[in-house]
Amino acid sequence: MKKILLSCCLLLPVHGAITIDGFTAALHDRFANDPTFIAGAFDLSGVGRLSATPSGVDMIFPWATMISDNVFISASHTAPGGTATFYPGNDPNATPVTRTVTSTTIISGSDITVGVLNTPVPSTIATYSYETETITTITGAAVEGVNAYLSGVTPNSGASYGAVGGATNHAVGRNLVDGFFAAELISGRPTDLISARYHMSTDTPYTTYEAFQQGGDSGAPLLVGDGAGGLRLIGITSAIGTTGSDADERPTSFYAYVGNYSDDIAIFVGDNAVPEPSSLTFLLIGGLLM
């Protein structure tokens, strides 16, 4: 599969909304809070937004996804930081959970950044497992052909719940993972990517509600069902471009593949884990005895 063009999903004006075939607010806007929402069977509370980027009327908040109760993951090229906001469900009128980002680290020089929050999020905010398989090709990989959930800025951004690309601006579409590209430069950082082509309805394969990422989606998660009623993170939105040539050329979304960085991510999560209360008490008692 020939790669034609690759560019970062940089923060762009709100009109750069995710493209979803057959989009309707009820089906695809998380905060429309409609029972027909295509991801309604899953808990998306662990997908939130960061305040690191100016939030004027023409700007969009970067994305953050929780992978432990105090560590989130995002795209390095968005320079994630500031405060993080998460909603416990899909109701835009619910009380959000807000935390301050205390530190961030770029994983292996890639377009994946992990960050630590000042205090853990409560149990009302989901945390997600993540892919751990190391791959050098898409052929035979566990993620080959999976029908994933894409998150992005809603095309319905004029709605009161989703305006300005803020914390309640979240649309969800689908696409099939179909490619792998090693060490592609994303803002100068070599990053292993997986990709999903935006197929026409006459193409084979094609999936219902096929989606293509747009500017403003950087750092948004690429999620798949984990087989146990939950979601697993397989990629972080990094870039958009095209693949194929001539009549076969199609818009393509590219994601930093977390599986190839999972060891370093796990080390970071472990190093920044908050001690259990019982362990902390034991340490304090030990210190007093000494």
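Note: the structure precedes this text.
## Observations concerning the overall build of the protein chain
Summing up its helical and strand segments, the protein chain has three helices and 17 strands in all. Per-residue burial for the protein chain yields a buried fraction of 53% across its 290 residues. At a minimum sequence separation of 6, the contacts of the protein chain that also span at least 24 residues come to 68%. Roughly 11800 Å² of accessible area belongs to the protein chain as shown, and the carbon and sulfur atoms make up 56% of that amount.

## Describing helix α2 (residues 262-271)
Within the sequence span of α2, burial applies to S262, I265, F268 and V269. Viewed along the axis of α2, the buried residues span an arc of 125°, placing them on a single side of the element. Exposed residues lying more than 90 degrees from the buried face of α2 are D263 and D271. In this fold, the buried residues of α2 make contact with β5 (71-75), β7 (97-106), β8 (112-117) and β9 (129-130).

## Regarding the sheet that holds strand β6 (residues 83-86)
Reading around the barrel, the six strands line up as β3-β4-β5-β8-β7-β6 and close back on themselves, with antiparallel pairing between neighbours. Sheet twist, expressed as the mean angle between neighbouring strand axes with direction ignored, is 40°. Of the strand pairs in this sheet, β6 and β7 are connected by four bridges, and their pairing is antiparallel. Across the sheet, T83 pairs through a bridge with T100, a residue of β7.

## A look at the pairing of β8
Burial runs high along β8: six of the six residues are buried. Here β8 shows two buried faces, one formed by I112, V114 and V116 and the other by T113, G115 and L117. Bridge count between β5 and β8: five bridges; the pairing is antiparallel. Across the sheet, I73 pairs through a bridge with V114, a residue of β8. Bridge count for β7 against β8 is five bridges, and the pairing is antiparallel.

Cut-offs and rules
Residues numbered from 1 in each chain as written. Predicted model: local features only at pLDDT ≥ 70, side-chain atom pairs only at ≥ 80, totals over all residues. Heavy atoms only, no water. Helix = DSSP H or I, 4+ residues; strand = E, 2+ residues; numbered from the N terminus. Buried < 20%, exposed > 50% of the residue type's maximum accessible area, 1.4 Å probe, protein only. Contact = heavy atoms within 4.5 Å. Areas by Shrake-Rupley, 256 points an atom, 1.4 Å probe, with all protein chains shown as cover. Arc of directions from axis to C-beta. Pairing = 2+ DSSP bridges. Axes fitted to C-alpha atoms, helices over the stretch in contact; angles between N-to-C directions.

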